[in-house]
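Here's the letter readout for the chains.
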There are 2 protein chains.
Amino acid sequence: MGEASRPIPAPAGPGLEISTAQRIVPELLDTLRARMRILHRIRLLQPIGRRALAAEMGATERVLRAEVEFLRQQGLLTAGPAGMGLSEEGYALLDQLDPVLATLEGRTELAASLSRALGIARVTVVVGDSDEEPWVKDTLGLQAASLLREELTSGDVVAVTGGTTMATLARMMPRRGTHPDVRVVPARGGLGESASVQANTIAEQLAQAIGGSHTVLHVPDRLGEDTLEHLMAEPMVEARLREIRSATVVVHGIGSALEMARRRQLSEAEVALLRERRAVAEAFGYYFDQQGQPVYAMTTAGLKLADLDGVRLVMGVAGGHSKAEAIASAARAYRMDVLVTDEAAAKRILHAQSGTRAGR
Amino acid sequence: MGEASRPIPAPAGPGLEISTAQRIVPELLDTLRARMRILHRIRLLQPIGRRALAAEMGATERVLRAEVEFLRQQGLLTAGPAGMGLSEEGYALLDQLDPVLATLEGRTELAASLSRALGIARVTVVVGDSDEEPWVKDTLGLQAASLLREELTSGDVVAVTGGTTMATLARMMPRRGTHPDVRVVPARGGLGESASVQANTIAEQLAQAIGGSHTVLHVPDRLGEDTLEHLMAEPMVEARLREIRSATVVVHGIGSALEMARRRQLSEAEVALLRERRAVAEAFGYYFDQQGQPVYAMTTAGLKLADLDGVRLVMGVAGGHSKAEAIASAARAYRMDVLVTDEAAAKRILHAQSGTRAGR
DNA sequence: ATGAGCGGGACGTATTAGGTCCCTTTGGGT
DNA sequence: ACCCAAAGGGACCTAATACGTCCCGCTCAT
């Protein structure tokens, strides 16, 4: 249940206006949404069986089966011994109908409001709450991956950060098509994450998915400043740093400051400092307060905040109601061209903004 | 089951593309068509009861009743002791959904093909066959009436011919709104029709329906040429003729030549002449052969063929498979800006054209 | 090798859709 | 002024379909 503000493909025939259709076949929208939900869920979970899907979606087996049989007959999904999966036409239909559904469910308008409130040109809002339902984060990643893929051009250097959301993005990136001229690099060196969600790992996975190349930047965590400077002076490291700082596209997750501090096992002193300076957001190793002012930075090599000015496209990806404050802060901290988030975060950001605006 | 090539009103929301909808909710498009059919039929027959309508539509009472109950609940139609009728919203919905349905059923494309084949800028194709089902002619008339109404502007002089189709047009013309500055005149004098379908009668009815004024032109049938010239020299008659020949809009039926000759009880000699000259079409007293050449003209006063050049809008209205050849002939004979016909005629014209083209 | 999970089949039940008849009311024609 | 044909609404029984549930043979990953 995808995106909201992507340009809508030109319709081949006359459009059946939703509000009109609602009037004469009200059950249409319910059926449409139900079937879209199934297709969408299958896309995320394929290959998956009837029962597992029914359990996942909270439907009974029989009724889901009826829909699935219909969708299979329509050629929108295929069923093999391993389970069901989308057909090419299923993908196409999902892409075509996603914007319609987004508008129908008000997410298009939500995205537009958020775009205005945060000053971010392109905002996409996916359905649900990443904190509540696991599949929402998958959708978030898929949506961000699709947007990224559309934006990539030959010669691009894509800098990515770590984090579970970015890991999801890499995992959900469609495999079709290749961009051999695209290079994926980690935005910054070691930040104390576990291996599977490190920027290096994600850069590698993403490069593999899009058929491009990647570079790693091995800078151990918790180095002293002088050691770091020595390391950065190494010709090999220095060359890679130059490449990173010349990135044309930056895709990054946004974290809640204290949550990130905990995950990275920062020292008590550091946490205390973050608290004192009221840090609420974290993005590529920088911590920001509510006004978007940087209040702390991890000591590692890689992309500096100032480097963002030279970047063609800065894309932020984050969802879940717990990320609302962090997203708003990050939006104030630096230029963000694209934001991919979810309904829960979007609504919470807007409520908070209208609240503070009214309260002052 | 209306029109095909009318400009589509700007959609307020996102359009659900028909072909896409067809793919994921095909059964709902069927119910949509069924309900539209009912609304349309009620519009033509209102006020009408459940049973009469069911018989008329070839459906059983119960199933029609279920739909009608739904439509009533949706506020699209009202049910009184006298029978059911459309509500305002019903009219609005019908108008909105008509182009959608036209495309859905391929009539939009049919109209476009016909437009190309006949060189007529605007072609509208309504559903069905006027020769087979009586209500199709009503739809034809209604559609033509709606188009005419849209085109009328202040000061227009509308010349109309006789015939059952034109009589239907006058009868179906919506009563709402008035055009006090519009004058309706008969295109030509007596042509031997029975009173109810004479141009004079139709002009009067049409003027009444649109709230305009009308003029009659009483020229008896079968006059000798010299008597006719004397009559036309009468100041009163001459003034009216001048008005007629300065018409800004001409709306006319198109007839099959021999059928019209029979209805007008032409002499055997005249019929023989028509046969010899291979007349196939008749329009406002002129008879044309297959190539659109005028081969005979009724001796009466009124609009001449040449006068059509000065007319702003020439609209032809004719349907039924038996009229196919006549319509094609008329289209070649003179400039026609708008044609309103039905599926049966449209298909037959196109088949004949592709046939002759291939055969030569 | 094996078993968990897959699609497909089967079946009894619950619910809905559909055919038919009836009743009271009302509006239009005589 | 009257009357009757036709209206909408109600009722009821049957046919059909939708649904919950369990089972089976197969495949593929472990």
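The rules behind the values
- Residues numbered from 1 in each chain as written.
- Chains lettered and ligands numbered in written order.
- Predicted model: local features only at pLDDT ≥ 70, side-chain atom pairs only at ≥ 80, totals over all residues.
- Heavy atoms only, no water.
- Phe/Tyr/Trp six-rings, centres within 6.5 Å; stacked < 30°, edge-to-face > 60°.
- Buried < 20%, exposed > 50% of the residue type's maximum accessible area, 1.4 Å probe, protein only.
- Lys NZ or Arg CZ within 6 Å of the ring centre and 35° of its normal.
- Core = buried A, V, L, I, M, F, W, Y, C linked by side-chain atoms within 4.5 Å.
- Contact = heavy atoms within 4.5 Å.
- Pairing = 2+ DSSP bridges.
- Helix = DSSP H or I, 4+ residues; strand = E, 2+ residues; numbered from the N terminus.
- Right-handed = clockwise from strand over helix to strand, strands pointing away.
- Least-squares fit on C-alpha atoms with pLDDT ≥ 70 in both.
- Domains from an automatic or database assignment.
- Buried area = accessible area lost by both parts, 1.4 Å probe.
- Salt bridge = Lys/Arg side-chain N within 4 Å of Asp/Glu carboxyl O.
- Polar contact = N/O pair within 3.5 Å; in protein donor to acceptor, adjacent residues only side chain to side chain.
- Nonpolar A, V, L, I, M, F, W, Y, C, P; charged D, E, K, R; others polar.
- Near = heavy atom within 4 Å.

## Some thoughts on the packing of aromatic side chains
Point 1. Across all of its chains, the model carries 10 aromatic pairs over all chains by this definition.
Point 2. Ring centres 6.2 Å apart and planes at 85 degrees place the aromatic pair F284 of chain B and Y286 of chain B in the edge-to-face group. Y286 of chain B carries the same exposure label as F284 of chain B, and that label is buried.
Point 3. Taken together, the ring pairs in this structure connect F284, Y286, F288 and Y334 of chain A into an aromatic cluster.
Point 4. A cation sits over an aromatic face here: R176 of chain A above Y91 of chain A, 5.7 Å from the ring centre.

## As for the nonpolar core
Point 1. One finds I24 and L39 of chain A together with L39 of chain B to be the most contacted residues of the largest nonpolar core, which totals 59 residues.
Point 2. For L39 of chain B, the contacting residues outside a window of four places in its chain are I24 of chain A together with L71, L76, L77, L86, L93 and L94 of chain B.

## Examining the pairing of strand 6 (residues 183–186) of chain A
All names here are of chain A.
Point 1. As paired strands, strand 5 (residues 157–160) and strand 6 are joined by 4 bridges and run parallel to one another. Bridging from a neighbouring strand, V160 pairs with P186 of strand 6.
Point 2. Handedness of the strand 5-helix 8 (residues 164–172)-strand 6 crossover: right-handed.
Point 3. In this structure, strand 6 lies alongside strand 7 (residues 213–214), joined through 2 bridges in parallel fashion. Residue pairing in the sheet places V184 in a bridge with H214 of strand 7.

## As for the relation of the copies chain B and chain A
Point 1. Overlay of chain B on chain A (RMSD 0.3 Å): rotation 176 degrees, translation along the axis 0.7 Å. The symmetry that links the two subunits is that of a two-fold axis. Distance from the rotation axis, computed per C-alpha, reaches its smallest value in chain B at G15 of chain B: 1.9 Å.
Point 2. Most of the interface of chain B is mirrored in chain A: 91% of its interface residues are interface residues there too.

## A short note on the domain arrangement of chain A
Many descriptions give the size of an interface as the accessible area lost when the pieces come together.
Residue and element names in this part refer to chain A.
Point 1. Per the domain assignment, the segments of chain A are domain 1 (14–100) and domain 2 (106–359).
Point 2. Placing the centre of domain 1 and that of domain 2 at their C-alpha centroids yields a distance of 32 Å.
Point 3. Interface area, domain 1 with domain 2, both sides summed: about 670 Å², of which 53% is carbon and sulfur.
Point 4. On the domain 1 side of the contact with domain 2, H40, R41 and L44 bury the most area, a combined 56% of that side's loss.
Point 5. There are 0 salt bridges connecting domain 1 and domain 2.
Point 6. On the surface where domain 1 and domain 2 come into contact, there are 1 residue pair in polar contact (both at pLDDT 80 or more).
Point 7. Breaking the side of domain 1 that touches domain 2 down by element, the ones donating at least two residues are helix 2 (27–45) and helix 5 (88–104).
Point 8. Counting residues per element, the side of domain 1 that touches domain 2 draws most heavily on helix 2, which supplies 4 residues.
Point 9. Of the residues in the side of domain 1 that touches domain 2, the class split is 3 nonpolar, 1 polar and 4 charged.

## Considerations on the protein's contact with DNA strand D
Point 1. In the vicinity of DNA strand D lie 19 residues, with T60 and R62 of chain A together with R50, R65 and M84 of chain B positioned nearest.
Point 2. Atoms of DNA strand D within 4 Å of the protein belong to the sugar or the phosphate in 49% of instances, the rest to bases.
Point 3. One of the side-chain N or O atoms of T60 of chain A is found 2.4 Å from a phosphate oxygen in DNA strand D.
Point 4. Between DNA strand D and R62 of chain A there is a distance of 3.3 Å, counted from a base oxygen to a side-chain nitrogen or oxygen.
Point 5. Only helix 4 (61–73) of chain A together with helix 3 (50–57), helix 4 (61–73) and strand 3 (83–86) of chain B provide two or more residues apiece to the surface near DNA strand D.

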